[in-house]
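# Residue-level structure breakdown
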Amino acid sequence: MRREERKRHNHTILKMGEMADPIQFKEEGNKHFQAGEVDKAIECYTKAIKLSTDKKVLAVVYRNRSACFLKKESYTNAASDASKAIDVDAADVKALFRRCQALEKLGKLDMAFKDVQRCSTIEPKNKTFLETLRRLGAEIQAKLKTTFSTDSRVQNMFDILLDEEMDKDKKEKAANNLVVLAREEAGAERIFQNNGVPLLLDLLETGKVEMVLAAIRTFAGMCTGHKARAMAIIHLVGIDKLCSIMAVDNEDIALATCDLFQCINDSLTGGDRRIYGKEEALILDASKDLKSILMALLEMVASKKVSGHGRDQALNLLSRNVPRKDKKDPDHSKSLFTIDHGLKKILKVCGQIPDLPDQLPMTENTQLIASVLLDKLWDDLRCDPERDNYREVCDEYIKGKFDPNDMDRNIHAINALSGLLQGPFEVGNQLVGRQGIMEMMVALCGSEREVDQMVAVEALIHSSTKMSRASFIITNGVSLLKDIYKKTKNDKIKIRALVGLCKLGSAGGDDYSMRQFAEGSTEKLAKQCRKWLCNSAMDTRTRKWAIEGLAYLTQDADVKDDFVEDEPAMKAMFDLAKSKDKTILYAVACTLVNCTNSYEKKDIMPELVQLAKFSKQHVPEQHPKDKKDFIQKRVKRMLKGGVISALTVMVKADNLLLTDQTKEMLARVFLALADDPKDRGTICAHGGGKALIPLALEGSAIGKIRAAHALAKIAAVSNPEIAFPGERIYEVVRPLVSLLHPERDGVQNYEALLSLTNLAGLNDKLRVKILKEKALPEIEQYMFEDHDHIRQAATECMCNLVTCKEVQDRYLEDGNDRLKLLVLMCVEDNEKLQRAAAGGLAMLTAAQKKLCTKMTLVTLQWMEILQRLILHDQPQIQHRGLVIVYNMLNSEDNELAKKLMESEILEILTVIGKAMDNPKRQIVIDVARTCLVKAMDLGLIKPFTTPS
């Protein structure tokens, strides 16, 4: 027994010794590289490097791994490995050229030029080296020329901008040119090197809006993607200076400065992907600057010196950059710091009452932006102690504001609570339940001051978001709201009380059997909301509340129908959706979702319904007007009323107010509107196709899927170049490919394949984009699908992609059934599938002659299949079959050509070729004749004469 164990042990040692041979790993890596398995090749070469002690072997392995990194577009690693090979042998021409290629891609043209110069010295007759030397020389000359001209242009622009007597149009043109120049790396560097920062500071000091905007936007271009330059600009300009510019009462300047801060943040936190090499050590730690920016922004939040626009942008920046973008990231220290140093300041913003004196300057959007920030901070917390601390800070702030002798402080506390209820509802709801809060709301409702009533009613509305809370208020607050509604003469309070009643009246959702109010009550409330909505004499903020009411009431199908029939009310809502007040977005989106019935509906099994009825449980009932034909009529009226133009404006809103939930609702609405193919042209004509792209790329998982599905519906039946003009067409590919995921349903798979087929038929660039998005394996998978429509769509898509070299290479690979599947599909009963498969084969055999021979090896029935194709009664399929025959004759495989001409195919070709000219079948006759001519050229048949 021991002898056997020893034997096994020795065998194991021998095996390990074999695997530990660096030469073996190198050879293995070479095989993987030749097979196109770059990652496996890198793995083998890396193992060989670790094991090898021979410098010459190491040089070869480094050189080979450099080639792998070039394939993977990892140019820094490619240059590094090539350098290690050159260190061993300075005349290693392969390593020199690989480093030259990598350096060129990294933009280091002068260093790349030196390497290829050495290559051409070692091999002076190598055409590749000479061509590269010539090309790089020309590029370096062009770059030098650009640099010198850029220097003079930069100086000239500043001279124009700082000249007081210069013409205004010339100044504006110079300012725009400076901004454009700063967006290019070479231009940004020249501005920075040519004393640009002091000159830009001079522009800021002019105080003129155009000059300030030009300076800020130029700074943004200079900071984009360059950590070192961004840090230098922060220290030269100063964070306080930038904050003071953002604080001015000018929306454009505040927004431009916000963009500058965002560019700086992205560069300092990892947006800068440059490889600095030895210069990395010179770049300072950015953490102090980032902390200083955070502190400065928190100071702006509650400062009276900051304008409303400036405050909005400070809150925007905090929302974008403080909470983690990826919840897997363990570091959420920025959120904890913001809660400790800024939560009370944010609550102060939420508590402001615009109708009272001595309040912070705000826009109509400020308080909602603050609520969104509160919600994001709450969502970023990781454990109960952190959440407890958040609640305590909020509780302490609101309690501290209550004062029996100062009503202004009390309504400030209640308004801050409203802000929490619109943000982290869980926190606000808990505070509402505290002793004295609800009593305070009720007391304020009975106050003689109208501002007190307004704040209290709004708080009641926000606190009844959950049905459990709504049921409490139905019991205790409906009579109160009705009383306010009847007694007050102030429309602002009246409309808020009405919305409270609307919200409570819709607590049963779309369940027809769960109506809270008497028959007809909701319709009366909705009619009053529509009346206020159409009253253009009212201010936007008050009319907004009418839409809030409709957002709740349109859960009732009668209200939906009445609303879409009321064209002035519908158009008034669309006009408000396009206004500057973006706090309205969510309410409009809710109303549209309700009217199109595009909300999530659970499928209820009929058996469960019967069981529930038997056990006397509540069963939701569908309103008769929520059936498909009523929904379609509503959709048509909304399209006629201009819903698409409103949606396109809403999608362009600031990302913070356009929350993921709102985006999801807009995506659902678009999908419902695009359901009928006849309406998709209307959607495209009003810019709906373009508006869907950002919804499909950003937002919640469900929202992105719904938007992608709407895109697929449009791209499947429309001309993509019209629906998605310009470069936007390339952005459509990724959302469509996401619908090919196995978890998506069959309809989504099918429509995504149709739309990708449409795109793939346009140009090579789009085909390459589809392949880059890794759609090919999914498309191939669906070619094996049992469902006929999906299989057909996948085959048609593949047919349009086979012109790509990458696809052709996959069909050339051995050990798979790709080509066999395509051949066998040519005899399927589905003619569309036959046509697509035959078309794919025709293009593949034309592009890759080896596939003509391979086709005869994948199935024994290939000859019979070919005969069936060229005898087909459909000219399109017959034409494709004849093209395949011609490709086989032209494949330089004489045996294959001979075999074809010795079969019945010759007789079939002769019959088709001798036929009289016929416009309907002329293309088929011409290809048959071309095949016969080719056979004659090969000497396989003798000439024949065609009938005159």
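Residues numbered from 1 in each chain as written. Predicted model: local features only at pLDDT ≥ 70, side-chain atom pairs only at ≥ 80, totals over all residues. Heavy atoms only, no water.

### Topic: the packing of aromatic side chains
- Tallied over the full model, the rule gives two aromatic pairs.
- Measuring from ring centre to ring centre gives 5.1 Å for Phe97 and Phe129, while their planes differ by 50 degrees; the resulting arrangement is tilted. Linking Phe97 in helix α6 (residues 93-105) with Phe129 in helix α8 (residues 127-161), this pair joins segments that are 32 residues apart in sequence.
- Judged by relative accessible area, Phe97 falls into the buried class, the value being 14%.
- Summarising the aromatic geometry, the rings of Trp378 and Tyr390 are spaced 5.2 Å apart at their centres and angled 65 degrees between planes, so their arrangement reads as edge-to-face. Remark: Tyr390 occurs in helix α20 (residues 384-401) and Trp378 occurs in helix α19 (residues 366-379); sequence separation between them is 12 residues. Taken as a pair, Trp378 and Tyr390 share a single burial class, namely buried.
- Geometry around Phe630 places Lys633 over its ring, the cationic atom sitting 5.6 Å from the centre.
- The lysine or arginine in question, Lys765, covers the ring of Tyr730, its NZ or CZ lying 4.7 Å from the ring centre. (Phe/Tyr/Trp six-rings, centres within 6.5 Å; stacked < 30°, edge-to-face > 60°. Helix = DSSP H or I, 4+ residues; strand = E, 2+ residues; numbered from the N terminus. Buried < 20%, exposed > 50% of the residue type's maximum accessible area, 1.4 Å probe, protein only. Lys NZ or Arg CZ within 6 Å of the ring centre and 35° of its normal.)

### Some points on helix α35 (residues 643-651)
- Extensive coverage of α35 is indicated by the burial of seven of its nine residues.
- Listing the buried residues of α35 in full gives Val643, Ile644, Ala646, Leu647, Thr648, Met650 and Val651.
- On the buried face of α35, the contacting elements are α31 (567-577), α32 (585-596), α34 (628-641), α36 (660-673), α37 (680-685) and α38 (688-697). (Contact = heavy atoms within 4.5 Å.)

### Remarks on the UniProt feature "repeat: TPR" (unreviewed entry) in the protein
- Under the UniProt annotation, "repeat: TPR" (unreviewed entry) lies at residues 22-55.
- The distance separating the terminal C-alpha atoms of residues 22-55 is 12 Å; by composition the span is 82% helix and 0% strand. (UniProt positions renumbered as here; feature names shortened; annotations may be inferred.)

### Here we look at helix α18 (residues 333-350)
- Helix length check: α18 (18 residues) gives 24 Å between terminal C-alpha atoms against 26 Å at 1.5 Å per residue, within 8%.
- The sharpest bend along α18 comes to roughly 65 degrees, located at Gly342.
- All of the buried residues in α18 are Ser335, Phe337, Thr338, Ile339, Gly342, Leu343, Ile346, Leu347, Val349 and Cys350.
- Buried residues along α18 sit in contact with α16 (287-301), α17 (308-321), α19, α20 and α21 (407-422). (Expected span 1.5 Å × (residues − 1). Bend = angle between axes of the 7 residues up to and from the residue.)

### A short note on the packing of helix α14 (residues 239-246) against α16
- Packing of α14 against α16 brings their axes to within 10 Å, and their N-to-C directions diverge by 35 degrees. Regarding α14 and α16, the two cross each other, and that crossing is right-handed. Here Ile239, Cys243 and Met246 of α14 lie close against α16, whose contacting residues are Asp289, Ser292, Ile293, Ala296, Leu297 and Met300.
- Residues of the contact of α14 with α16, tallied by class, amount to seven nonpolar, one polar and one charged. (Axes fitted to C-alpha atoms, helices over the stretch in contact; angles between N-to-C directions. Left-handed = near helix turned anticlockwise from the far one by under 90°. Nonpolar A, V, L, I, M, F, W, Y, C, P; charged D, E, K, R; others polar.)

### Let's talk about the nonpolar core
- Among the nonpolar cores identified, the biggest contains 266 residues, and Tyr390, Leu533 and Leu647 are the most heavily contacted of them.
- The biggest single contributor to this core is helix α12 (residues 209-223), with 10 residues.
- Once residues lying within four places of it in the same chain are set aside, the contact partners of Leu647 are Leu592, Leu666, Val669, Phe670 and Leu673.
- Counting residues in hydrophobic clusters, the runner-up holds 35 residues, among them Ala59, Tyr75, Val116 and Ile140. (Core = buried A, V, L, I, M, F, W, Y, C linked by side-chain atoms within 4.5 Å.)

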